[in-house]
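Chain by chain, the residues run as shown.
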Amino acid sequence: MDFSQATSKQSGKSKIQLLLPLFMQSRDIADLAIVVDKGEYDYVGKTILTLEWAYVNSRRIVKPDVDWLKI
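Going along each chain's sequence as written, the residues are numbered from 1 onward. Thresholds applied to this predicted model are a pLDDT of at least 70 for local features of residues and 80 or more for the giving and counting of side-chain atom pairs; totals over whole chains, interfaces and linings are not thresholded and use all residues. Excluding hydrogens and water, the side-chain values take into account all heavy atoms of the structure.

K.L.:
Any chance you could break down the overall build of the protein for me, citing the residues and the numbers?
P.N.:
When helices and strands are tallied, the protein shows 1 helix and 4 strands. In sequence order, the secondary structure elements of the protein are arranged as β-β-β-β-α. Only protein chains enter the area calculation, which uses a 1.4 Å probe; residues under 20% of their type maximum are buried, those over 50% are exposed, and those in between are partly exposed. With 71 residues in all, the protein has 28% of them scored as buried. Contact definition: two residues touch when any of their heavy atoms are within 4.5 Å. For the protein, restricting intrachain contacts to residue pairs at least 6 apart in sequence, the fraction spanning at least 24 positions comes to 25%. For the protein, the exposed area adds up to about 5400 Å²; of that, 53% sits on carbon and sulfur atoms. For the purposes of this entry, the term helix denotes a DSSP run of H or I that reaches at least four residues, the term strand denotes a run of E that reaches at least two, and both are numbered from the N terminus. Note that accessible areas follow from Shrake-Rupley with a 1.4 Å probe, and for residues the cover is restricted to the protein chains shown.

Now the structure itself:
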């Protein structure tokens with residue numbers, strides 16, 4: 001997994017989650033985003049978002065570096 005593709009999402013007051021691209025039809029274009037939580041020893045997928053919702057829910061300070069999250 002290439003974590004340089006991850007962007008952050010805040011859930012609640014202090015919980016940070018990661019948004020990762022989910023490629024289903026092509027290796028070049030993301031179809032959806034999967035929201036993952038960091039567990040004690042692993043990462044757990046929590047839900048799947050459309051790219052539009054992932055963009056809205058992402059926490060950005062500057063323009064995203066990740067190509068898959070452009071709408």
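K.L.:
Explain the side chain of glutamine 17 to me, using residue names and the numbers behind them.
P.N.:
Tracing the backbone through its elements, the reader meets glutamine 17 in strand β2 (residues 15–22). A polar side-chain atom of glutamine 17 sits 2.7 Å from a polar atom in the side chain of aspartate 37. For glutamine 17, the residues in contact, after removing those within four places along its chain, are Thr7, Ser8, Lys9, Ser11, Val35, Val36, Asp37 and Lys46. Polar contact criterion, stated in full: a pair of N or O atoms within 3.5 Å, where within protein one must be able to donate a hydrogen and the other to accept it, and residues adjacent in sequence count only if both atoms are side-chain atoms.

Everything listed is a geometric property; what it means functionally is a separate question.
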